[in-house]
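Inside the fold
In case you want the letters, here they are:
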Amino acid sequence: PEFWSSMCSGVLLLDLWPGPLTNDTTGAAFDSLGAQMPVPFVMLLSENFQHSEWYSASFRRLVEAAGERCLAAAGVPGTCHQWVSDANFWAPGWVLRWLALMGPRDHREAHAATARAVQASAGALSSHKGPS
């Protein structure tokens, strides 16, 4: 953690995937991760990760354990995990929804909402002057 805190002043987490870090669906492993987070962060989640029975506890516990280092956490309604990748540009929306790669929200609306959230997050992270 000290290395990363010397290299950056904040982090934007986009649909963090807890799977590689733990298979504990209670999210207990994320208590220590949040407590040890060396820099401020903002977490932005797809709706399906935000409400996932496997991952939602991990997100809640990360945010709670991080305390003031978590500047904001939110979900983008109507999106699936791949919403922050280029997968939503690969094919027509109906095909991507059939493949469960795109949520029910219009891709242009989801993209615009995400862009606004990322811009606001970058502003909050760059202007954050509190303890890290």
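Before reading further, recall that the structure is shown in the block above.
An account of the accompanying structure is given in this report.

Bringing the environment of glutamine 50 into the picture now. Along the chain, glutamine 50 falls in helix α3 (residues 47-50). When the C-alpha positions of glutamine 50 and proline 40 are compared, they lie 20 Å apart, and in sequence the two are 10 residues distant. Contact partners of glutamine 50, with chain neighbours within four places excluded, come to Leu45, Ser56 and Gly75.

The next subject is the pattern of salt bridges. Using the criterion set out here, one finds 3 salt bridges in the structure. When the shortest N-O distance is used, the salt bridge between arginine 105 and glutamate 109 registers 3.8 Å. Here arginine 105 falls in the partly exposed class, since its relative accessible area comes to 22%. For arginine 108, the salt bridge is made with aspartate 106, and the minimal N-O distance between the two is 3.3 Å. Of the residues examined, aspartate 106 reaches a relative accessible area of 28% and is grouped as partly exposed.

Another point: the nonpolar core. Counting 12 residues, the largest nonpolar core consists of Leu13, Phe30, Met37, Phe41, Met43, Leu45, Phe49, Tyr55, Phe59, Leu62, Ala66 and Cys70. Going through the elements one at a time, β2 (41-46) and α4 (56-66) are the ones with two or more residues in this core. Apart from the residues lying within four places of it in its own chain, the contact partners of cysteine 70 are Phe41 and Val63.

On the secondary structure map, serine 121 appears in helix α6 (residues 107-127). Its relative accessible area of 8% is what places serine 121 among the buried residues. Within the structure, serine 121 has its side chain in polar contact with the backbone oxygen of alanine 117 (distance 2.7 Å). Residues contacting serine 121, with those up to four places away along its chain left out, are Leu12 and Val42.

Conventions we followed
Residues numbered from 1 in each chain as written. Predicted model: local features only at pLDDT ≥ 70, side-chain atom pairs only at ≥ 80, totals over all residues. Heavy atoms only, no water. Helix = DSSP H or I, 4+ residues; strand = E, 2+ residues; numbered from the N terminus. Contact = heavy atoms within 4.5 Å. Salt bridge = Lys/Arg side-chain N within 4 Å of Asp/Glu carboxyl O. Buried < 20%, exposed > 50% of the residue type's maximum accessible area, 1.4 Å probe, protein only. Core = buried A, V, L, I, M, F, W, Y, C linked by side-chain atoms within 4.5 Å. Polar contact = N/O pair within 3.5 Å; in protein donor to acceptor, adjacent residues only side chain to side chain.

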